[in-house]
Amino acid sequence: MTVQGFSLPEQPSNVAIAASGLSRRFGRRWALADVSFRIPRGHAALVAGRNGSGKSTLFRLLSTAISPTTGTATIEGQDVTAETEEVRRRVAFLSHQANTYESLTALQNLEVFARHLGTDTGRDRLLDFLDEVSLAERAHDPISTFSAGMRKRLSIARLFLQDASVVMLDEPYAQLDPPGFKLIDRLFRKMRDRGTTVLLSTHLLERGAAMCDDGLLLREGRLVWTGPAAALPGEGAMEIAGIPEEVN
Amino acid sequence: MKGSALASRPSVPGTSRVPAAFLIAGAALLLAGSWLGLFVAPPEHYMGDVQRIMYVHVPTAWNAMLALTWSFVCALMFLWRSDWKWDARMESAIEIGVLLSLLLCIQGSVWAKPTWGVWWDWDPRLTTMAVLVFAYFGVLTLRRFVDDPVRRATWSAAATIVASADVPIVYYSVRWWNSLHQLQSSPATVSRSFYLPLRMNAFGILFVMIGLMMLRTRLAKLHLRSELAPPLISSHPVSDSEPRLPGGAR
Amino acid sequence: MQLAAAVRKEVLLQWRSRGHFLAVFAFGATALLLFSFAIGPNAQALRLFAAGFLWLALLLGSTLALSESFQYEMDHRAMEGLLLLPTTARSIYYGKALTNWLQLSILGVALVPVMVVLYDAGTSMVPQLIAVIVLGSAGLSAPGTFYAGMAAQTKARQTLLPLLLFPLVVPVLLAAVKATSLLILGDPMNQSRSWVLLLVAFNAIYWSLCGLMFTLVVEE
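Residue positions are given per chain, counted from 1 along the sequence in the order it is written. Chain labels run from A onward and ligand labels from 1 onward, assigned in the order the entries are written. With the structure being a predicted model, the display of local features is reserved for residues of pLDDT at least 70 and the display and counting of side-chain atom pairs for 80 or more, all residues being used for whole-chain, interface and lining totals.

## Looking at the overall build of chain A
- Only DSSP runs of H or I covering at least 4 residues are called helices, and only runs of E covering at least 2 are called strands; the numbering of each starts at the N terminus. Summing up its helical and strand segments, chain A has 8 helices and 10 strands in all.
- In summary, chain A has a C-alpha radius of gyration of 18 Å against a globular reference of 18 Å for 248 residues, a match within 12%.
- When its C-alpha atoms are laid out on the principal axes, chain A stretches across 50 × 45 × 40 Å.
- By the burial criterion, 54% of the 248 residues in chain A qualify as buried.
- Each residue gets a C-beta atom placed from its backbone, and two residues are in contact if those atoms lie within 7 Å. A sequence separation of at least 24 residues applies to 66% of the contacts in chain A between residues at least 6 apart. Atoms counted for the radius of gyration: C-alpha only. Globule rule: 2.2 Å times the number of residues to the power 0.38. Think of it as a crowd count around each C-beta: if 20 or more other C-beta atoms lie within 10 Å the residue is buried, if 12 or fewer it is exposed, and in between it is partly exposed, with C-beta placed from the backbone throughout.

Structural data, given as structure tokens:
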């Protein structure tokens, strides 16, 4: 059922993300099984599939949070297992987890992150970033007082710090309010303008499909369909994904 | 951190007679050696019959150290080769090493009571063994509390290496701490009539240990197989005509 | 550079949770008080055992401090976010181990007055006593941080850490108690030197070994 890559570029240097036979086993279960695809530089790809279909595992593998059991993946030619540090330099990952320190303030969280990045970002600049995600007023409040949506906004602010050429957004809309949706859309447009490669997963298929070039469909850990993102919300793709029509 | 070597599952050999042969040979040697030690060898000049526990105590000590050293080797091999069989071997080595060390501590206190009038005498070797029992028991407990097989194997290998590095430090620190005990017993310092039963029991325990380890390793491999999904069937290239088209166009 | 960032982060976080540190200190002081009930009101015996009680109190308190240093990493998986940056697990480990070392040293020094008051175990060699506490705390911190990182990711964090750590640090406990005891009770044979050397050797081995191994603990 494996579907080989789509929109194959002529030169490998044009490939931003390439996976080949990528698989990850968690004990008795293969969370991701034999996934192969390529995404050209500057493209945006939408990853769809039901809960537990392997979307997050794919994102975590590509961002080096976990390592593959078998198979390989490269980010701009750098192997995720062998050249982890190079990959981490290139990739920014917005995960399900907030990855924040509860006892620190929003600003301090950003400062910790910036220092580990090795960038000398001034406090004013960090406050600008917080302003962009509408957290400027709460910059000096500890995260423990934040709601889930506000934590998400802080994670988004962290993306600004990383000058990444590949950005992975795993369910970015989850927990956000309508202004938050607009924030993500704005961020998305900005990244597209800059030529950033984006990998997006969301259950809001119509919204995602409108923003992306390519579509990937996962079912039970396998890549079952690839094609233009615009075709993803179609009935055929949903049938392949195992999503009943009435749910969609 | 490790790639394809852990993608497979450990292969489990069919039941074999080798472990049974080791167990039978070991038991026979132990029986014969103990009989020689208990009834044939002359009583020791100063300590009398109490000394006869040495025929089992000293071989147990050698083999306990051997088992724990083997577990250290298995831990290194697992991290180096990423092969499940070394995880299974490490598990069996630690379990049997802890068991032998525990037996050693019990024998030690049985010997200490008539000799010094106390159950425990803080002898460096015995105390080191007691510390090791707890240290390696900790590693076994760690294994119980980690569900993911890869994590469990990696962490327990790391913990085994960290614990192994402690063995000489514990030994010397306890020795400085309490410096009074008899010299190390080894065949060289023991007179000739004691030599044969000691050696026989050493090999007897060694063979029993090897037999048990083989059985336990097999069990560990079976357990791993049940915990791990079978390897994926390698990808078969799909022909160009096969990619399905979106929108129900197939 | 990375290490400096890691240390700054840990100091900031531990300063934020200084209330927890006070609680650990109170725990250690309570332990010192309770130990004296095991002996009875015998001033001479208490003074004899003072060093041992001090180190036991510090050891028991250390498990609380060490597991706290990973608690804030586990809430909302903060450490996972940092590990995805081009930083190494090693610098995160050393950042934590160094800060825990500092914290345990402060805890140990803070418990000394309690020991002096309760057990009448004073010494005029204060700099030497502080040096022994600093060395002993280093010996607890290196393997302690390593095992706390493992234990924090399991279901049995509270049980597992002492179970793994206590047998391992037997040499630290022996050496630190002996050295402290010699400072309090007098050292006519000049034995303390070899105990200090043992502490230095243990630290050299475990500060390098655990840093090397920590990558295995945090990467999946």
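## Section: the interface of chain A and chain C
- Every contact between the two is made by 23 residues of chain A and, on the other side, 22 residues of chain C.
- The set of elements that each furnish at least two residues to the side of chain A that touches chain C consists of α2 (84-90) and α3 (106-117) of chain A.
- Grouping the constituent residues of the side of chain A that touches chain C by class yields 8 nonpolar, 10 polar and 5 charged. In this classification, Asp, Glu, Lys and Arg are treated as charged, Ala, Val, Leu, Ile, Met, Phe, Trp, Tyr, Cys and Pro as nonpolar, and every other residue, Gly included, as polar.

## With respect to the sheet that holds strand β10 (residues 222-228) of chain A
Residue and element names in this part refer to chain A.
- In space, the 6 strands of this open sheet follow the order β6-β7-β8-β3-β9-β10, with mixed pairing throughout. Only two strands of the sheet have a single partner each, and these edge strands are β6 (91-94) and β10. Geometrically, the sheet is characterised by an average inter-axis angle of 15° between neighbouring strands, direction not taken into account.
- Bridge count between strand β3 (residues 44-48) and strand β8 (residues 197-201): 4 bridges; the pairing is parallel. For two strands to be treated as a pair, DSSP must find at least two bridges joining them. The convention used is that axes are lines fitted to C-alpha atoms, helices contributing only their stretch in contact, and that angles between N-to-C directions extend from 0 to 180 degrees.

## What to know about the confidence of the model for chain B
Residue and element names in this part refer to chain B.
- In this model, chain B carries a mean pLDDT of 85, and residues with pLDDT of at least 70 account for 85%.
- The predictor attaches a confidence to each residue, called pLDDT, with possible values from 0 through 100. This model gives residues 236-250 a pLDDT under 50, and the stretch forms 23 contacts once residues within four places in sequence are excluded.
- Model confidence for the complex: the whole-complex pTM is 0.90, and ipTM, which rates the interface, is 0.92.

## A word on the pairing of strand β9 (residues 214-219) of chain A
All names here are of chain A.
- Burial analysis of β9 places 5 of its 6 residues in the buried class, the great majority of the element.
- Bridging between β3 and β9 involves 4 bridges; their strand directions are parallel. If you follow V47 over to β9, its bridge partner there is L216.
- Sheet topology places β9 next to β10; 6 bridges connect them, and they run antiparallel. The partner of G215 across the bridge, within β10, is G227.
- Connecting β9 to the next strand, β10, in antiparallel fashion are 2 residues, including E220 with a positive phi near 50°.

## Description of the sheet that holds strand β4 (residues 70-75) of chain A
Residue and element names in this part refer to chain A.
- Read across the open sheet, the 4 strands follow the order β2-β1-β4-β5; overall the sheet is antiparallel. At either end of the open sheet lies a strand with only one pairing partner, and these are β2 (29-40) and β5 (78-79).
- One ladder, built from 8 bridges, connects strand β1 (residues 15-26) with β2; its direction is antiparallel. Directly across from A19, in β2, lies its bridge partner F37.
- Contacting β1, β2 and β4, helix α1 (residues 55-62) runs over the sheet at an angle of about 65° to β2.

## Some details on the environment of T81 of chain A
- One can find T81 of chain A in the loop between β5 and α2.
- Counting along the chain gives 26 residues from T81 of chain A to L107 of chain A, while the straight-line C-alpha distance between them is 33 Å.

## Side note on unusual backbone geometry
- The phi torsion at E171 of chain A lies on the positive side, around 50°, for a residue other than glycine.
- By secondary structure assignment, the location of E171 of chain A is in the loop between β7 (166-170) and α6 (178-194).
- Even without being glycine, W122 of chain B reaches a positive phi, approximately 55°.
- Mapping W122 of chain B onto the fold places it in the loop between α3 (84-116) and α4 (124-145).
- A count of 14 C-beta atoms within 10 Å places W122 of chain B in the partly exposed class.

## Remarks on the packing of helix α5 (residues 89-119) of chain C against helix α6 (residues 126-152) of chain C
All names here are of chain C.
- With their axes 8 Å apart at the nearest point, α5 and α6 run at an angle of 140° to one another. Considered as vectors, α5 and α6 are oriented oblique to each other. When the axes of α5 and α6 are compared, the crossing they make is right-handed. Each of Y93, K96, A97, N100, W101, L104, S105, G108, V109 and V112 in α5 lies in contact with α6, whose residues at this interface are L129, I130, I133, V134, S137, A138, L140, S141, A142, G144 and T145.
- The residue inventory of the contact of α5 with α6, partitioned by class, reads 13 nonpolar, 7 polar and 1 charged. Here the angle decides the label: under 35 degrees means roughly parallel, over 145 means roughly antiparallel, 65 to 115 means roughly perpendicular, and every other value means oblique. By convention the crossing between two helices is left-handed if the near helix lies anticlockwise of the far one by an angle smaller than a right angle, and right-handed if it lies clockwise.

## Considerations on the pairing of β4 of chain A
Residue and element names in this part refer to chain A.
- With 5 of 6 residues buried, β4 lies mostly within the body of the structure.
- Here β1 runs beside β4; their pairing, made up of 5 bridges, is antiparallel. Residue S23 lies in a different strand from β4, and its bridge partner there is T70.
- Hairpin connection from β4 to β5: 2 residues lie between these consecutive antiparallel strands, with E76 at a positive phi of about 50°.

## Quick word on the confidence of the model for chain A
- Put simply, chain A has an average pLDDT of 89, and 92% of its residues get 70 or more.
- Across residues 1-5 of chain A, confidence stays below pLDDT 50; counting only partners more than four residues off in sequence or on other chains, it has 17 contacts.

## Section: α6 of chain A
Residue and element names in this part refer to chain A.
- One less than the residue count of a helix, multiplied by 1.5 Å, gives the span that helix is expected to have. Between the first and last C-alpha of α6 there are 25 Å, a value that for 17 residues agrees with the 24 Å anticipated at 1.5 Å per step.
- Turning to α6, its buried residues number three or more, namely G180, L183, I184, L187, F188 and M191. Along α6, the residues classed as buried sweep out an arc of 135° about the axis, all on the same side. Exposed and facing more than 90 degrees away from the buried side of α6 are P178, P179, K182, R186, R189, K190 and D193.
- Along its buried surface, α6 packs onto α5 (148-161), β7, β8 and α7 (205-211).
- Positive phi appears at G195, one or two residues downstream of α6, with a value of about 85°. The directions from the helix axis to the C-beta atoms are what the arc is built from.

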